[in-house]
Amino acid sequence: MSYQHQYVDGTRIHFPVGKVVCIGRNYAEHAKELNNPIPSEPLLFIKPGSCVVPLEGGFTIPTDRGLVHYEAEIAVLLGKPLSQHPTEEEVIDAISGFAPALDLTLRDVQAGLREKGLPWELAKCFDGACVLPPFIAAGTFEDVTDIGIRLTINGEVRQDGNSALMLNPIVPIIQHMATHFSLQPGDVILTGTPAGVGPLNPGDELVLELPGASRFESKVF
Ligand code: ZN
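Below or above, wherever it landed, is the structure these notes cover. (Residues numbered from 1 in each chain as written. Predicted model: local features only at pLDDT ≥ 70, side-chain atom pairs only at ≥ 80, totals over all residues. Heavy atoms only, no water.)

This next bit is on the environment of serine 182. In this fold, serine 182 is placed in the loop between helix H5 (170–180) and strand S12 (188–190). The sequence separation of serine 182 and proline 81 amounts to 101 residues, and the corresponding C-alpha distance is 7.2 Å. (Helix = DSSP H or I, 4+ residues; strand = E, 2+ residues; numbered from the N terminus.)

Bringing the coordination of the zinc ion into the picture now. Protein-derived ligands of the zinc ion are Glu71 (OE), Glu73 (OE) and Asp103 (OD), with the metal-ligand distances lying across 1.9 to 2.1 Å. Sequence positions of the residues that donate to the zinc ion give the spacing E-x1-E-x29-D. Take glutamate 71 and glutamate 73: they sit in the same class, and that class is buried. (Donors = N, O, S within 2.8 Å, 3.2 Å for Na, K, Ca; no water. Buried < 20%, exposed > 50% of the residue type's maximum accessible area, 1.4 Å probe, protein only.)

Counted according to the given criterion, the structure contains zero disulfides. Here cysteine 22 stays free of any disulfide, with the sulfur of cysteine 130 as its closest cysteine sulfur at 6.7 Å. By relative accessible area, cysteine 22 is classed as buried at 0%. Considering cysteine sulfurs only, cysteine 51 is the nearest to cysteine 130, which forms no disulfide, with 5.4 Å between them. (Disulfide = S-S within 2.5 Å.)

Time to look at the pattern of salt bridges. Going through the model one piece at a time under the given rule, you end up with 13 salt bridges. One salt bridge connects lysine 19 with aspartate 187, and the closest N-O pair in it is separated by 2.6 Å. Separated by 168 residues along the polypeptide, lysine 19 in the segment before strand S1 (20–24) and aspartate 187 in the loop between H5 and S12 bring together distant segments of the chain. Several salt bridges converge on common partners, so that one network encompasses Lys47, Glu71, Asp103, Arg107 and Lys124. (Salt bridge = Lys/Arg side-chain N within 4 Å of Asp/Glu carboxyl O.)

Pasting the structure below:
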């Protein structure tokens with residue numbers, strides 16, 4: 001199914017689906033669970049807009065390339081361009097919305113690439129590798145350093161984090177990204193995953209939430 005940015009009330013957001021800029025190891029507990037050191041500088045990677053699929057109605061995952069891991073993450077939609085050392089105020093003004101997203105990862109493929117010191121595209125950029133529900137307007141949140149993110153699979157809470165636990169908080173990490181490359185309206189920032197990542201399988205029933213703000217049910221086919 002093709003994806004287009006929209007708000008939870010069904011309003012379409014007329015930005016193209018841009019790149020998805022991701023940060024790895026942004027929660028200490030998650031770095032620890034995968035036996036990864038906490039990076040001294042933020043670890044960034046980019047997924048192409050072509051890998052984004054809608055959460056609602058269910059989605060498919062690859063079944064022929066080893067383990068597919070879910071990573072529930074707070075997604076930030078940008079509505080204005082940012083580049084060249086934007087101020088905090090400019091970043092806050094550029095944020096259009098928030099949503100709970102899934103950054104899907106071919107974990108076995110990623111392990112093989114990492115062993116060889118190779119880039120992660122084959123593990124992170126496949127079609128369907130970023131799953132997004134509709135966004136809620138940015139103004140809903142008074143404090144972006146206190147946004148929850150929760151994933152429940154088959155009735156069991158697997159991930160339950162909060163932006164307060166991020167090693168690099170939302171606004172400074174977007175400032176950092178924009179200092180290294182331009183961000184455009186329609187780009188999405190995935191802000192890293194809390195502890196509790198694990199495999200996803202066809203048949204799994206998901207509930208993905210920004211607790212108290214938005215809640216979506218979905219299914220893996
Ligand atoms: Zn991730």
